[in-house]
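# Structural overview for review
Letter by letter, the chains look like this.
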Amino acid sequence: MVQKIIPHLWFDYKAEEAAEFYVSLFRNSLIKTIARYSEAGAKAAGMPLGAVMTIEFELAGKKFVGLNGGPFFSFSPAISFFVGCDTIEEVERLYEKLSGQGSVLMPLDSYPFSERFAWVNDRYGVSWQLYKGEYGQKITPCLMFVKNQYGKASDAMQFYTSLFKNSSIDLSVPYTKEEGEKEGAIKHGKFTLDGEQFIAMDSGHDHQFTFTPAVSFLVECEDQGEIDHFWNNLSAVPEAEQCGWLMDKYGISWQVVPSILDSLIVNENKSKAENTTKAMLQMKKLDIDTLKKAFEEG
């Protein structure tokens, strides 16, 4: 099954190092393709020509993309990656590796919901929840709605599942009155978007973080109609729109791109790839016909 939605991680010039580190931790993982900055892309990003721009990698069979974007955005525990582990030993091994040079949000211990659990930020700032138990998908993005987004997890699950095909709300557990959270707030929710699982939860604690563009979700679209559909429904912050990037009404960032984009801007024909990149840099919502025309004229 083709992975429609791909977690996209914005690193401060350490995307290759991070990808190699993560691949070393999980079975069924590998580095896939590397794209380098073209002249136009390097100028726009303030990067050296030919430097690594993105690195695509798989962790436990799930596709990720790492971007060398610079120090503009920082990772936040508001979006973490929930890892279902088969054994206590696996939780402990991942805890040791991922917490090294990082920080611990919830220490490795037994909890009412799991005999072994920990929540850590790794050395790059990426946040991981490590859980002993079956959870279907090995690595699952987890969205925590805090601050002015608090109490919106249920609404977000309904909204997202209305936009994607093959989607469903699979679990929605509200807080009890005794837990002191807002009525209707979600303690633990699980939903599926086009075959990919996600977790959602609310937290009314005074967290010093919220969603940032350091983690976005890249949606590969087959045609312009699909791009228009996701763009028109998801984009809620006009000033965040650029080169296919947008921010939705909850503050979560997405990239809505044609599935052929890589074949146009990461191409052996440097002139065509450069011309396509220049055209893309002028856009907010991506237009497939304009990109194809730029490629042919390059």
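Please refer to the structure placed before this passage.
All of the points below concern the structure found in this document. (Residues numbered from 1 in each chain as written. Predicted model: local features only at pLDDT ≥ 70, side-chain atom pairs only at ≥ 80, totals over all residues. Heavy atoms only, no water.)

## Notes on the packing of helix α7 (residues 270–281) against helix α8 (residues 288–297)
A packed helix pair is summarised by two numbers, namely the angle formed by the two axes and the spacing between the axes. What counts is decided by this rule: To obtain each axis, a line is fitted to C-alpha atoms, and for helices this fit is confined to the stretch in contact; angles are then taken between N-to-C directions over 0 to 180 degrees. Only DSSP runs of H or I reaching four residues or more are called helices, and only runs of E reaching two or more are called strands; each is numbered from the N terminus. Two helices crossing with the near one rotated counterclockwise from the far one by less than a right angle form a left-handed crossing, whereas a clockwise rotation gives a right-handed crossing. Residues count as neighbours in contact if any of their non-hydrogen atoms are within 4.5 Å of one another.
Remark: α7 packs on α8, axes separated minimally by 7 Å, with the N-to-C direction vectors making an angle of 145 degrees. The crossing of α7 and α8 is right-handed. Residues K272, N275, T276, A279 and M280 of α7 touch α8, and the partners they reach there are L291, A294, F295, E296 and E297.

## Quick look at empty space enclosed by the protein
Heads up, the condition is: A 1.4 Å probe that fits into a set of points on a 1 Å grid over the protein atoms alone but cannot get out defines a cavity; an open set with protein on both sides within 12 Å along at least five of seven lines defines a pocket, and lining residues are those with an atom within 4 Å of a point. Grid points are joined across faces, edges and corners, and a volume is the space filled by probe spheres set on the points. Put simply, Ala, Val, Leu, Ile, Met, Phe, Trp, Tyr, Cys and Pro go in the nonpolar bin, Asp, Glu, Lys and Arg in the charged bin, and everything else, Gly too, in the polar bin.
This model, assessed by the stated rule, comprises one cavity of 30 Å³ or more. By volume, the largest cavity is sized at about 30 Å³. Lining the largest cavity, in full, are F75, S76, I79, T210, F211, T212 and V215. Residues belonging to the lining of the largest cavity are distributed by class as follows: four nonpolar, three polar and no charged.

## As for the sheet that holds strand β15 (residues 253–258)
As a reminder, the rule being used: Two strands are said to pair when DSSP picks up at least two bridges between them.
Taken together, seven strands build an open sheet; the order of strands is β2-β3-β4-β1-β13-β15-β14 and the sheet is mixed. The sheet is open, and its two borders are formed by β2 (30–36) and β14 (245–247), each paired with just one other strand. Strand-to-strand twist across the sheet, computed as the mean angle between neighbouring axes with direction ignored, equals 30 degrees. Pairing of β14 with β15, which is carried by three bridges, proceeds in the antiparallel orientation. The residue bridging W245 from the neighbouring strand is Q255, located in β15.

## Section: unusual backbone geometry
What is expected of a backbone is that most residues other than glycine have negative phi and most peptide bonds are trans. Threshold: Each residue is placed in one exposure class: buried if its accessible area under a 1.4 Å probe, protein chains only, is under 20% of its type's maximum, exposed if it is over 50%, and partly exposed if it falls in between.
Unusually for a residue other than glycine, Y13 sits at a positive phi of about 65 degrees. Mapping Y13 onto the fold places it in the loop between β1 (5–11) and α1 (15–23). Accessibility expressed as a relative area gives 39% for Y13, which makes it partly exposed. The backbone of K147 sits at a positive phi, close to 50 degrees, despite the residue not being glycine. By the element assignment, K147 lies in the loop between β9 (139–145) and α4 (153–163).

## Focus: the pattern of salt bridges
Filter applied, for reference: Here, a salt bridge means any Lys or Arg side-chain nitrogen found within 4 Å of an Asp or Glu carboxyl oxygen.
Counting across every chain of the model gives nine salt bridges. In this structure, E58 and K32 form a salt bridge, with 3.3 Å as the shortest nitrogen-oxygen distance. With a gap of 26 residues between them, E58 in strand β3 (residues 52–59) and K32 in strand β2 connect regions that are remote in the sequence. The partly exposed category is assigned to K32, whose relative accessible area is 38%. One salt-bridge network, held together by shared partners, links K32, E56 and E58.

## Observations concerning the layout of surface pockets
Reported here for the second largest pocket is a volume of approximately 600 Å³. Looking at the second largest pocket, it is lined by 21 residues, and the ones nearest its centre are F113, Y175, K187, H188 and M201. When contributions to the lining of the second largest pocket are tallied by element, the ones reaching two or more residues are β7 (114–121), β8 (127–132), β11 (186–193) and β12 (196–202).

## Concerning the environment of I186
Along the polypeptide, I186 turns up in strand β11. The spatial distance from the C-alpha of I186 to the C-alpha of M144 is 9.8 Å, given a sequence separation of 42 residues. Those residues in contact with I186 that lie beyond four places of it in its chain are A153, S154, S172, V173, P174, Y175, A200, M201 and D202.

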